[in-house]
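# Survey of secondary and tertiary structure
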Amino acid sequence: MTLTDVDRKLADRYGRTRSAASRRWTWIAIGALAVSATGLLGWTTVSNAMNSVDADTTGFTLPDEHTVEVRVQVTVNPGTRVACSLEAQDAEHGIVGWKIIEVPASDDHSRIVTARIPTTAPATTGFVRSCWII
């Protein structure tokens, strides 16, 4: 029995295997797909980060029983208008006041805004709930 006869009998019994060139092209296609998917994921991450708003409460004061003054730092791309929802709560975390403010567009990346929230009862805290681009 020659080597080709053995190869033929094995091929008849188990089927033919793909050539090395075919396997190579399969791995090249898989690699190209993985690189494309990684690039797409990276781009969407950067794109979402560029269009996001970051808002932090830097402090609050209680000028009287029916007012809370909240200081907020808003970080967003320059030239972008933003609206923020502010909230005042009592000692039991009940909402006693809220207000939506608009932060005008500016050349600065970060802006400090102070707003007064009228309350229906004495408040113990004031903070920014959320901000969004308008």
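Before reading further, recall that the structure is shown in the block above.
Just so you know, these numbers come straight off a predicted model, no measurement behind them.

### Focus on the overall build of the protein chain
Within the protein chain one finds two helices and six strands. The N-to-C order of helical and strand elements in the protein chain reads α-α-β-β-β-β-β-β. Its C-alpha atoms give the protein chain a radius of gyration of 31 Å, more than 25% over the compact-globule value 14 Å for 134 residues. In terms of overall dimensions, the protein chain has a C-alpha envelope of 105 × 40 × 20 Å along the principal axes. Burial statistics for the protein chain: of 134 residues in total, 23% are counted as buried. Across the protein chain, every contact between residues at least 6 apart in sequence was considered, and the portion connecting residues at least 24 apart equals 61%.

### What to know about the pairing of strand E1 (residues 54-64)
Pairing of E1 with strand E2 (residues 67-75) involves eight bridges; the strand directions are antiparallel. From the neighbouring strand, Thr61 faces E2, where its bridge partner is Glu69. Where E1 folds back on E2, the antiparallel hairpin that results is connected by two residues.

### Looking at the sheet that holds strand E3 (residues 82-89)
The strand order E4-E3-E6 describes an open sheet built from three strands, whose pairing is antiparallel. The strands lining the two open edges of the sheet, one partner per strand, are strand E4 (95-103) and strand E6 (125-133). Recorded for the sheet is a direction-independent mean angle of 20° between the axes of neighbouring strands. Bridge count for E3 against E6 is eight bridges, and the pairing is antiparallel. In the sheet register, Leu86 faces E6, and the bridge partner there is Val128.

### Quick word on the sheet that holds strand E5 (residues 110-118)
The three strands are arranged E1-E2-E5 in an open sheet whose pairing can be described as antiparallel. Every other strand in the sheet has two partners, leaving E1 and E5 as the edge strands with one partner each. Between one strand and the next, the sheet's axes are offset by a mean angle of 20°, whatever the strand orientation.

### Quick look at a nonpolar patch on the surface
A contiguous nonpolar surface patch, about 530 Å² in accessible area, is contributed by Ile95, Trp98, Ile100, Trp132 and Ile134. Per-element tally for the nonpolar patch: the top contributor is E4, with three residues. On the secondary structure map, Ile134 appears in the segment after E6.

### What to know about unusual backbone geometry
One non-glycine residue, His93, adopts positive backbone phi at about 65°. Topologically, His93 is positioned in the loop between E3 and E4. Exposure remark for His93: the relative accessible area of 62% places this residue in the exposed category.

### Quick notes on the environment of Thr119
Relative to the helices and strands, Thr119 resides in the loop between E5 and E6. Sequence separation between Thr119 and Glu102 is 17 residues; the distance between their C-alpha atoms is 19 Å. Apart from residues lying up to four places away in sequence, Thr119 is in contact with Glu65, His66, Thr67, Val68, Ala88, Val96 and Gly97. Within the structure, Thr119 has its side chain in polar contact with the backbone oxygen of Glu65 (distance 3.4 Å).

Conventions adopted
Residues numbered from 1 in each chain as written. Predicted model: local features only at pLDDT ≥ 70, side-chain atom pairs only at ≥ 80, totals over all residues. Heavy atoms only, no water. Helix = DSSP H or I, 4+ residues; strand = E, 2+ residues; numbered from the N terminus. Rg over C-alpha atoms; globule rule 2.2 N^0.38 Å. Buried < 20%, exposed > 50% of the residue type's maximum accessible area, 1.4 Å probe, protein only. Contact = heavy atoms within 4.5 Å. Pairing = 2+ DSSP bridges. Axes fitted to C-alpha atoms, helices over the stretch in contact; angles between N-to-C directions. Patch = residues over 30% accessible without salt bridge, like charges linked within 9 Å, V, L, I, M, F, W, Y side chains within 5 Å. Areas by Shrake-Rupley, 256 points an atom, 1.4 Å probe, with all protein chains shown as cover. Salt bridge = Lys/Arg side-chain N within 4 Å of Asp/Glu carboxyl O. Polar contact = N/O pair within 3.5 Å; in protein donor to acceptor, adjacent residues only side chain to side chain.

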